Amino acid sequence: MKITLTINNTKREVEISPSEFLLDVLRRLNYSSVKKGCDTGTCGVCTVLMDGKPVLSCSILAASADGHEITTIEGIEKDPEFKNISNALLEEGADQCGFCSPGLILNVYAMGKELKNPTEDEIKKYLVGNLCRCTGYVPQLRAIKKYFEVKA
Amino acid sequence: MKEVKSSIKKVDGIGLVSGKPVYTDDLAPKNALIVKVLRSPHAFARIKNIDTKEAESLDGVECILTYKDVPKNRFTRAGQGYPEPSPYDKYIFDEYVRYVGDEVAAVAAKDEYTAEKALKLIKVEYEVLEPVLDFEKSKGSKSIIHPEKDFQSEGFISSDPKNNIAATYEMSIGNIEEEIKKSEVVIKERFYTQAQAHVMMEPHSAYSYIDMQGRLVVVSSTQVPFHVRRILSRALDIPIKNIRVIKPRVGGGFGGKQGIHGEPYVALITLKTGKPAKIYYTRKEVFESTYTRHAMRFDITIGADKNGKINVIDVKGLSDTGAYGEHALTTFMVAGSKVLPMYNKVKAVRFGGDVVYTNHPSAGAYRGYGAIQANFAIESAMDILAHKLNIDPVKLRKINMIREKETSPIFKIMGEGREGVEMIVNSCKLDECIEKGVKKIDWENKFSSKKEGKKVKGVGMAIAMQGSGIAKIDMASATLKLNDDGSFNLLIGATDIGTGSDTILSQIAAEVLNVPTDDIIPYSSDTDITPFDTGAYASSTTYVSGNAVRIAAEKMKKEIIKAGAEYFEVSEEKVSFNGKEIIAGENKITLKKLAEILYYNENQKQLSVTGSYVGEESPPPFMAGFAEVEVDTETGKVDLINYVAVVDCGTPINPNLAKVQVEGGLAQGIGMAMYEEVIYDKNGRLLTNNLMNYKIPSRVDINKLDVELVESYEPSGPFGAKSVGEIGIDTPPAAIANAIFNAIGVRIKDLPITPEKVLKALKNKK
C-alpha cells in the first residue's frame, strides 16, 4: 500500500506493507539515525517526532503515520538547538557508544519545546523511556541540565 | 602534558550523535539476504529429523542450512587468546540442542517477512531429553549435556563433561584447617549471584560478502575482530588468510560481544550462495541466545583474631556456565584472582570449585568477569565478620588490605586460565580512596547513627580491584603513518565499543609526538588493515593498546628525527623535533614541509612504524564504594540515595571519559544488586526475554552517583595510566547489601536484593 509521509519537511510517497512499522520504513529509506533496539517500545532508541511530539517508531504502524510529519535527527541537524544539545552531551563525554544518542536528543529537543525551565525531576521523568547502558545516566543529566541551565 | 589528562570530546562523537550510518546494520548492503535462525523450543533435545522442503519452496527463500549442511568442527564462541581457555564444545548446528534458543537451522531470504514465514514451515522432530536446570544439581546428574565423543579442551583445562563439568580449579596457600582452628573468630556464609544480561543498546549484528579476490569479508559489531577471524577459520574450515573481519562503530558490548554470535551463519550463507547476507538479532534473541553473566554460589569461611587481623580466607565456588563452556574456567579463576589479593596479609588462602554445564543459555564474558560475583560474597562476608568482631568495616579493611609497593602470592599462582605473573603493586591509592569515600558519604556519623522508624537509612561499603589486561597473553599493536600534510594515521586493532578508546589512543599518540590530537586520525579495526590486537576486554585497551600506541609514537618521533638528519645532512644527535618543526642548530623545517619533501621531492620514502606491547603484569585499578540506602520497613523497598565511588585508575588519559566509564559501571552494578534478574520457567524457558520483563535501571532509578578519581602513577602504564573499564561495576552489590544490613539489621545473601527478599528477611528477624 502507498502512504504519504512528510519526513524532515520533504513530502514522500512510500510503498509499505500493512504490517510494517514506521521504524523499519524509515531505516529502509536510509534514515540511519533511527535505531532498532528492543522491538517492544521500551528502550527509546527508535524515537522520532511525529507532528513535533516524540513517539516510538518501533511501535507505530507505518500505515497509521500516513499524512503525518516525521522528524528524525537528520531533519534537525542544522537546527542550533541540535548543536547545543549534542555539544552539551559531547562535552560531558556522555555520547559513549552513541546508539541511544539520536533518540535521546530528539526527546530533549521536544522537551525544550514543551517544558519551560524543567527541574531535574521533570527531566528524568520526561526522558525515563530513553534507556542507556553505557553512561549510567548521570553524565547525560549533567549535560542536559547544562543545556537547560538548570540549578539542581 | 598537553594532550593526555585532558577531557577532550570523543573524536567520533559528532558522527554518533548526528545519527550517521556508522553501525553494522546501517552499513549493510541493501541487497543482502536476510538471515534468520530457527531456535530450539526445548531446553534439551536431540533432533531426530528436519524437513526443510516446504520452507525451501517458498518464493524468495534462497537457502536453508541445518546440522546436515555445516562443517563438523567443535569450536568455542568465546573470543579469547590462543590456545583457547574454553572447551571446544559447540557446532555451528548440532544434532543436540542444549537450551531454549539454541540454533537449529538458518534461513536466508530476500526479506525479513519471507525469512520469518520460512522459519515456520521448517518441520523439526525432537526427542526431548531431561534438562539440567539447577546448577547445584548438575555435577554428576543423569542427564549429560555434552555426551559427544569429539569434545575437546586444551591440556591446561581440567574438564569432565561426563559429570557436566566444564572446568575445575583448585589452589591453596598455607594450612587452611590449622589457621581456621587457631582463629578466635570464624564466620562461614553462603552467597548466590544471579545471571545478568548485558543489554547493550545495539543488538548483535553482522553481515558478510565475498570480495573481488573471492575472500570472505565479515562486518560485525564485535569487541574482538581478530578472535572472530580465528574462530571463524576453525569453525568454517577456511584459512585465516581468506577471511577479513571489519568492525564499524559498536553500540555497546560489556563482554556480550566478546565472542561470535551471528557471524558463522551469515558467513555460511554467503559462502553457499555467493551473495551478501546479514543478521540482526531481535532483542528476544539477544536475551535467549547470546551470553549472560555466570551465576555463581560461594561458600566463604574467614578466620580472624579478635583484633580484626584476618588469618585465613577459604572460598569454595560453583559457577553455572550454561549450555557451553564459554569463559568457564577464566571467569571462575578471576573470581579468585581479582578479589583475594586485596587481603594479602592472610596466612592461608584457598580458592576452588567447579564450573558446571546446565541447559541454560550460555554464560560468557561480562564486565566484572567473575570478580563482581566474588566481590559480593567476600565483601559481604567481611561486613559480617566486622559486625561479629564489633569493628568498623572500614577499619577491618584498613587492617588487612593491600597497599602500594606490596604484593600477594596469588598474583603468581592465578592468572586467567593458567598461571599468573609475580607482581608488585606499584600504584595503589586504595587507602586514599577509602579516606575520601568515608568523608564524602559522612561515614562516621551515618554508620553509627540510631536506626529507627518506618523508613531507615544506612550506609555500607566495599573495596574492589580488577586488572589491566591479561599479563603475558593480551597483545596489542598500533601503526602510525605520516601523511604529506604532517598529520598521522593511527591504525589500531583495538576496538572502541563506545568507551572512547579511539580518542584516548589518539591522545596518547599526540602527547608523545607533541602534536594536537586533531592531527591524529584513528582507524579501528579491520583485520586486513590494522595491526593485531586481542580486542576490547579484560580492561585492557588503555593499558595494553595504549602502551602499543606510545611505543609506535616514540618510534615515529625517531623516524622524523632521522629523516630530518638526512635532510639537513647532519647526525641525528644534532636534530630535535618539537611537534611542529624539525630543528638542527640554526636550520629548521616544519613537519608539514618535510613530509611534503619526503613524499614528492627528495629521499622519497613513507614514514610508517608499528609498535607492539604485551603486558608483563596486569596492574590493578582499585576502588572504594560507599552506598547510602533508605529501606522502607513496611514494603521492603530499598532506595539508593547516594553512591560514592572513589577510584584509582592511575593517571586518567581523558578524565571525563574515565569518569563516565565508572558511572556506567556503577549503574550496571546497581542493576545487578537491586533490579536485574534472569528468570526461567520450569522447562528452562526464559521469562525475562524482553526489556519489559528484564528490568535494567532507568533514569529515575539512578539517583546520585558521586565519582571521584584519585590519581596514582602506574610506572608500567602509558603516562601512568591503568584501566578503568570494569572496576566501576564491582562494589555496588556488596556495598548496597552492607548498607541494608546497617539500616535494618537483615542480611541478604542472594542477588538481586528485591523488596520481597528484604521484607521476608525482616519478617524472619522478628
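What you are looking at is a predicted structure, and each value in this text was computed from that prediction instead of being measured. (Residues numbered from 1 in each chain as written. Chains lettered and ligands numbered in written order. Predicted model: local features only at pLDDT ≥ 70, side-chain atom pairs only at ≥ 80, totals over all residues. Heavy atoms only, no water.)

S.K.: Residue-level account of the overall build of chain B, with values.
M.R.: A count of helical and extended segments in chain B gives 20 helices and 26 strands. Here chain B has a C-alpha radius of gyration of 27 Å; the compact-globule value for 766 residues is 27 Å, and the two agree. Within chain B, contacts between residues at least 6 apart in sequence are counted, and of these 80% link residues at least 24 apart. Entry remark: accessible area of chain B is about 26100 Å², with carbon and sulfur atoms responsible for 49%. Each charge sign in chain B was given a centre, from 100 positive and 102 negative side chains, and these centres are 3 Å apart. (Helix = DSSP H or I, 4+ residues; strand = E, 2+ residues; numbered from the N terminus. Rg over C-alpha atoms; globule rule 2.2 N^0.38 Å. Contact = heavy atoms within 4.5 Å. Areas by Shrake-Rupley, 256 points an atom, 1.4 Å probe, with all protein chains shown as cover. Lys, Arg positive; Asp, Glu negative; His and termini not counted. Charge placed at Lys NZ, Arg CZ, Asp CG, Glu CD.)

S.K.: I'd like a description of the interface of chain A and chain B, backed by residues and values.
M.R.: Each side of the interface is counted separately: chain A has 50 residues, and chain B has 55 residues. Together, the buried faces of chain A and chain B total about 4200 Å²; carbon and sulfur atoms form 56% of this surface. Two residues, Arg27(A) and Asp25(B), come together in a salt bridge whose shortest N-O distance is 2.9 Å. Taken together, the links from chain A to chain B amount to 28 residue pairs in polar contact (both at pLDDT 80 or more). Those elements that provide at least two residues to the side of chain A that touches chain B are helix 1 (22–28), helix 2 (73–76), helix 3 (80–92), helix 4 (101–114), helix 5 (120–126) and helix 6 (138–148) of chain A. Broken down by element, the side of chain A that touches chain B gets its largest block of residues, six residues, from helix 3 of chain A. A class-by-class count of the residues in the side of chain A that touches chain B yields 20 nonpolar, 16 polar and 14 charged. (Buried area = accessible area lost by both parts, 1.4 Å probe. Salt bridge = Lys/Arg side-chain N within 4 Å of Asp/Glu carboxyl O. Polar contact = N/O pair within 3.5 Å; in protein donor to acceptor, adjacent residues only side chain to side chain. Nonpolar A, V, L, I, M, F, W, Y, C, P; charged D, E, K, R; others polar.)

S.K.: Describe the packing of helix 4 of chain A against helix 6 of chain A, naming the residues involved and giving the relevant values.
M.R.: All names here are of chain A. In contact at an axis separation of 12 Å, helix 4 and helix 6 are set at 30° when each is read in the N-to-C sense. In this structure, helix 4 crosses over helix 6, and the sense of that crossing is right-handed. Contacts between helix 4 and helix 6 pair Leu104, Val108, Met111 and Gly112 from the former with Gln140, Ile144, Tyr147 and Phe148 from the latter. Here the contact of helix 4 with helix 6 is composed, by residue class, of six nonpolar, two polar and no charged. (Axes fitted to C-alpha atoms, helices over the stretch in contact; angles between N-to-C directions. Left-handed = near helix turned anticlockwise from the far one by under 90°.)

S.K.: Would you mind going over the pattern of salt bridges in detail, with residue names and values included?
M.R.: Oppositely charged side chains can pair when the atoms bearing their charge come close. The tally for this structure, following the rule as stated, stands at 74 salt bridges over all chains. A salt bridge links Glu663(B) to Arg142(A); its shortest N-O distance comes to 2.8 Å. Separated into two different chains, Glu663(B) in helix 18 (residues 655–674) and Arg142(A) in helix 6 make up a pair that spans both. We classify Glu663(B) as buried; its relative accessible area is 0%. We classify Arg142(A) as partly exposed; its relative accessible area is 26%. Between Glu127(B) and Arg46(B) there is a salt bridge; the shortest N-O distance is 3.0 Å. In this pair, Glu127(B) is assigned in strand 6 (residues 123–128) and Arg46(B) in strand 2 (residues 45–51), connecting sequence segments 81 residues apart. The network of salt bridges with shared partners includes Arg39(B), Arg77(B), Lys90(B), Asp102(B), Glu103(B), Glu285(B) and Glu326(B). (Buried < 20%, exposed > 50% of the residue type's maximum accessible area, 1.4 Å probe, protein only.)

S.K.: Lay out the sheet that holds strand 20 (residues 575–577) of chain B in plain terms, naming residues and giving numbers.
M.R.: All names here are of chain B. In space, the three strands of this open sheet follow the order 20-21-22, with antiparallel pairing throughout. Here the strands that pair on one side only, and so sit at the sheet edges, are strand 20 and strand 22 (587–590). Each strand of the sheet is rotated relative to its neighbour by a mean of 20°, with strand direction disregarded. In this sheet, strand 22 lies alongside strand 21 (residues 581–584) in antiparallel orientation, the contact comprising four bridges. Bridging across to strand 22, Ala584 finds its partner in Asn587. The sheet contacts of helix 16 (residues 541–568) involve strand 20, strand 21 and strand 22, and relative to strand 20 the element is tilted by about 135°. (Pairing = 2+ DSSP bridges.)

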